[in-house]
Amino acid sequence: MASLVRHVTIDCADPYALATFWAEVLQGTLGEDDKPGDEEVVVESAGASLLFIRVPEGKSVKNRVHLDLQPQDRGRDEEAERLVALGATVLADHRRPDGTGWITLADPAGNEFCVERSKAERIATEQA
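As a starting point, this report considers the structure included with it. Remember, it's a predicted structure, so these values are computed and weren't measured experimentally. (Residues numbered from 1 in each chain as written. Predicted model: local features only at pLDDT ≥ 70, side-chain atom pairs only at ≥ 80, totals over all residues. Heavy atoms only, no water.)

## Section: the pattern of salt bridges
Right, so step 1: Summed over all chains, the structure comprises nine salt bridges.
Right, so step 2: The salt bridge involving Arg74 is made with Asp73; its shortest N-O contact spans 3.3 Å.
Right, so step 3: For Asp73, a relative accessible area of 56% puts it in the exposed group.
Right, so step 4: One salt bridge connects Glu79 with Arg74, and the closest N-O pair in it is separated by 2.9 Å.
Right, so step 5: Among the ionic contacts, a cluster of salt bridges with common partners joins Asp73, Arg74, Glu79 and Arg82. (Salt bridge = Lys/Arg side-chain N within 4 Å of Asp/Glu carboxyl O. Buried < 20%, exposed > 50% of the residue type's maximum accessible area, 1.4 Å probe, protein only.)

Now the structure itself:
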């Protein structure tokens, strides 16, 4: 049997704060024993398990790996607005006039991620 991905691990300065942001993004939960000041904090969600680990050095270059999010119960633009309200920052807008494309954001620690179109938006674009 092949290996399975158990966690996507993210280095950061404050694991609890960043995990709290991502738990809101993914509508996930923090580990039962996780608390402010912990060296490691996990977020469990339907789509992924993220592990946040405290490291002394700050982020200095573009991520080599990033998450692409697909909204489940709303459209891409509405989801991007929700994430900005939670503390994300828009870095680049790759939306096209035909409705395709994505939005690149950064979490509060500066880690890039993208919000793509929802499944319903993809179907609507294909039928147009």
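## Description of unusual backbone geometry
Right, so step 1: Of note, the phi angle at Gln27 is positive, near 50°, even though the residue is not glycine.
Right, so step 2: Tracing the chain through its elements places Gln27 in the loop between α1 (15–26) and β2 (29–30). (Helix = DSSP H or I, 4+ residues; strand = E, 2+ residues; numbered from the N terminus.)

## Description of the packing of α1 against helix α2 (residues 76–86)
Right, so step 1: Contact geometry of α1 with α2 gives a least axis separation of 10 Å together with a crossing angle of 155°. Judged on the interaxial angle alone, α2 and α1 are roughly antiparallel. The handedness of the crossing between α1 and α2 is right-handed. Counted together, Phe21, Glu24 and Val25 of α1 and Glu79, Arg82, Leu83 and Leu86 of α2 form the full contact between these two elements. (Axes fitted to C-alpha atoms, helices over the stretch in contact; angles between N-to-C directions. Parallel < 35°, antiparallel > 145°, perpendicular 65-115°, else oblique. Left-handed = near helix turned anticlockwise from the far one by under 90°. Contact = heavy atoms within 4.5 Å.)

Worth remembering: the numbers are spatial, not functional.
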